[in-house]
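# Survey of secondary and tertiary structure
Residues per chain, in single letters:
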Amino acid sequence: MKKILIIYTGGTIGMQHDKKGSLVPFDFGKVNEQVPELNNLGCKLKHHAFAKLIDSSNVTPAFWVELAQVIEKNYSKFDGFVILHGTDTMSYSASALSFMLENLAKPVIFTGSQLPLGAIRTDAKRNLISAVEIAAGKVLVPEVCIYFSHRLFRGNRSEKFNSAMFEAFQSPNCAPLANVGVNVDYNHDIIAKPSKKKLIVHTKLETALGCSDFSQVLLMLG
Ligand code: ASP
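No experiment lies behind these values; they were computed from the predicted model shown.

Before going further, it helps to spend a moment on the packing of aromatic side chains. Evaluation of the coordinates by the stated rule reveals seven aromatic pairs. Judged by centre distance (6.3 Å) and plane angle (5 degrees), the ring pair of Y75 and F81 falls under stacked. Y75 gets classed as buried once you look at its relative accessible area, which sits at 14%. Following the ring pairs from residue to residue traces out a cluster consisting of Y8, F26 and F28. The ring of Y75 has K106 lying over it, and the distance from NZ or CZ to the ring centre is 4.7 Å. Over the ring of F166 we find R126; its NZ or CZ atom is 5.1 Å from the centre of that ring.

What follows concerns the pattern of salt bridges. Considering all chains together, one arrives at four salt bridges under this definition. Note that D88 and K160 form a salt bridge whose closest N and O atoms lie 2.7 Å from each other. Of this pair, D88 sits in the loop between strand 5 (80–84) and helix 3 (90–100) while K160 sits in strand 10 (residues 159–160), and the two are 72 residues apart along the sequence. Given the relative accessible area of 44%, D88 is considered partly exposed. We note a salt bridge from E167 to R151, for which the minimum N-O separation is 3.2 Å. Placement of E167 in the loop between strand 10 and strand 11 (169–170) and of R151 in strand 9 (residues 151–154) is noted, with a sequence separation of 16 residues between them.

Moving on, we come to the pairing of strand 8 (residues 144–148). Burial runs high along strand 8: five of the five residues are buried. Of the two faces of strand 8, the one carrying V144, I146 and F148 and the one carrying C145 and Y147 are both buried. Where strand 7 (residues 108–111) lies against strand 8, three bridges are found, and the strand directions are parallel. Across the sheet, residue F110 finds its bridge partner in strand 8, namely I146. The sheet contact formed by strand 8 and strand 9 spans four bridges and is antiparallel. What sits directly across from F148, in strand 9, is R151. A loop of two residues connects strand 8 with strand 9, the two strands running antiparallel in sequence, and S149 in this loop sits at a positive phi of about 45 degrees.

What counts, and where the lines are drawn
Residues numbered from 1 in each chain as written. Predicted model: local features only at pLDDT ≥ 70, side-chain atom pairs only at ≥ 80, totals over all residues. Heavy atoms only, no water. Phe/Tyr/Trp six-rings, centres within 6.5 Å; stacked < 30°, edge-to-face > 60°. Buried < 20%, exposed > 50% of the residue type's maximum accessible area, 1.4 Å probe, protein only. Lys NZ or Arg CZ within 6 Å of the ring centre and 35° of its normal. Salt bridge = Lys/Arg side-chain N within 4 Å of Asp/Glu carboxyl O. Helix = DSSP H or I, 4+ residues; strand = E, 2+ residues; numbered from the N terminus. Pairing = 2+ DSSP bridges.

Here it is in structure tokens:
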């Protein structure tokens with residue numbers, strides 16, 4: 001039976017309404033009560049919640065380092081990792097992790113949701129269930145990916161393009177690694193092969209970088 005570590009970092013997916021109606025992060029240790037389907041996926045699940053749960057607009061390089069180190073520490077004990085993360089900067093985190101985790105041989109799947117887990121029409125349950133199912137599945141996807149609304153994307157080829165629809169992510173320059181309908185339909189030709197080398201986790205990040213709007217640069221150059 002495969003072992004999957006679910007890492008909870010914050011974002012909409014883990015929110016629920018308290019008695020006063022305010023949105024607060026829920027006790028992640030009780031996720032199997034909220035989503036009992038997780039018990040029927042034929043894999044062993046463990047959880048790790050960040051001490052400080054954040055809205056993903058507050059993600060920093062230090063957060064990426066912490067996330068990479070949680071994976072490094074648990075790499076030999078688990079067959080795959082599912083990271084619950086806010087949607088706003090999920091593509092940035094997935095891109096960063098894809099470069100920080102060199103020689104990956106196991107799936108690292110980010111997911112989140114547009115509506116909180118406790119909301120009636122939530123997309124959180126199905127995103128979480130399918131992300132875990134893929135992480136624990138027979139087809140190995142040893143990449144940093146984003147699973148969202150029926151599609152599995154290569155993390156560093158994804159972008160959030162819609163904040164109102166359940167279909168919030170796209171990957172304009174790379175076909176989805178999998179499409180989830182009645183079956184999980186994998187795009188075997190483009191899924192990376194597992195590395196046979198030892199995992200290297202890069203944690204020295206250059207933070208003295210800026211990004212200009214290129215059109216403004218052209219204007220300035222006249
Ligand atoms: N602002 C939230 C975040 O990115 C939105 C979400 O989770 O979808 O953390």
